[in-house]
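Structural characterization, general
In case you want the letters, here they are:
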Amino acid sequence: MWVEVVLNAYVLWVNRASVPHVWRRVLADDRGLAPGVALGTTLVHRVQPAWLKLATFIRPLPLISCRQAGFSQAIRDERRVGCSSEAASAS
């Protein structure tokens, strides 16, 4: 984890000129990330590993099954799902 913190700090420093353009998106992500990390840590601490493994494998099965059966939809409104054309063209 510490390597990731150092690496992220380095990337932030290198791209510091872009921070004013993206800080609102990052702030929104952080607001959602903080409670998720807290609840997830509590859940992992309290639940038996076998149940976590079972839930990890069962949860995506309906989505995978639908996808394998040929049911899928294109993303029509990219901004709604957080994939704007600006971000796509920047990469």
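Residues numbered from 1 in each chain as written. Predicted model: local features only at pLDDT ≥ 70, side-chain atom pairs only at ≥ 80, totals over all residues. Heavy atoms only, no water.

Details of the overall build of the protein chain
What the protein chain contains, in helices and strands, is five helices and zero strands. Taken from N to C terminus, the helices and strands of the protein chain fall in the order α-α-α-α-α. Accessible area for the protein chain stands at about 8,900 Å²; split by element, carbon and sulfur atoms hold 64% of it. (Helix = DSSP H or I, 4+ residues; strand = E, 2+ residues; numbered from the N terminus. Areas by Shrake-Rupley, 256 points an atom, 1.4 Å probe, with all protein chains shown as cover.)

As for the layout of surface pockets
In this structure, the largest pocket spans a volume of roughly 420 Å³. What lines the largest pocket is N8, V11, L12, N15, S18, V19, V22, R25, V26 and D29. Breaking the lining of the largest pocket down by element, the ones donating at least two residues are α1 (2-14) and α2 (19-46). No other element matches the five residues that α2 contributes to the lining of the largest pocket. Of the residues belonging to the lining of the largest pocket, the class tally is five nonpolar, three polar and two charged. (1 Å grid on protein atoms, 1.4 Å probe; cavity = no way out; pocket = protein on both sides within 12 Å on 5 of 7 lines; lining within 4 Å. Points joined across faces, edges and corners; volume = space filled by probe spheres on them. Nonpolar A, V, L, I, M, F, W, Y, C, P; charged D, E, K, R; others polar.)

Things to note about the packing of aromatic side chains
Summed over all chains, the structure comprises zero aromatic pairs. The positively charged end of R16 is found above the aromatic ring belonging to W13, 4.1 Å away from the centroid. (Phe/Tyr/Trp six-rings, centres within 6.5 Å; stacked < 30°, edge-to-face > 60°. Lys NZ or Arg CZ within 6 Å of the ring centre and 35° of its normal.)

A few points about the confidence of the model for the protein chain
Segments scoring low in pLDDT should not have their predicted coordinates read at a detailed level. Of the residues in the protein chain, 86% have a pLDDT of 70 or more, and the chain-wide mean is 83. Looking across the protein chain, the model is least confident in helix α5 (residues 85-90), with a mean pLDDT of 52, and most confident in α1, with 92. (pLDDT = per-residue confidence, 0-100.)

So, a nonpolar patch on the surface
There is a patch of nonpolar side chains on the surface, built from L7, Y10, V11, W13 and V14 and spanning about 550 Å² of accessible area. Take V14: it is sitting in helix α1. Judged by its relative accessible area of 45%, V14 falls in the partly exposed class. (Patch = residues over 30% accessible without salt bridge, like charges linked within 9 Å, V, L, I, M, F, W, Y side chains within 5 Å. Salt bridge = Lys/Arg side-chain N within 4 Å of Asp/Glu carboxyl O. Buried < 20%, exposed > 50% of the residue type's maximum accessible area, 1.4 Å probe, protein only.)

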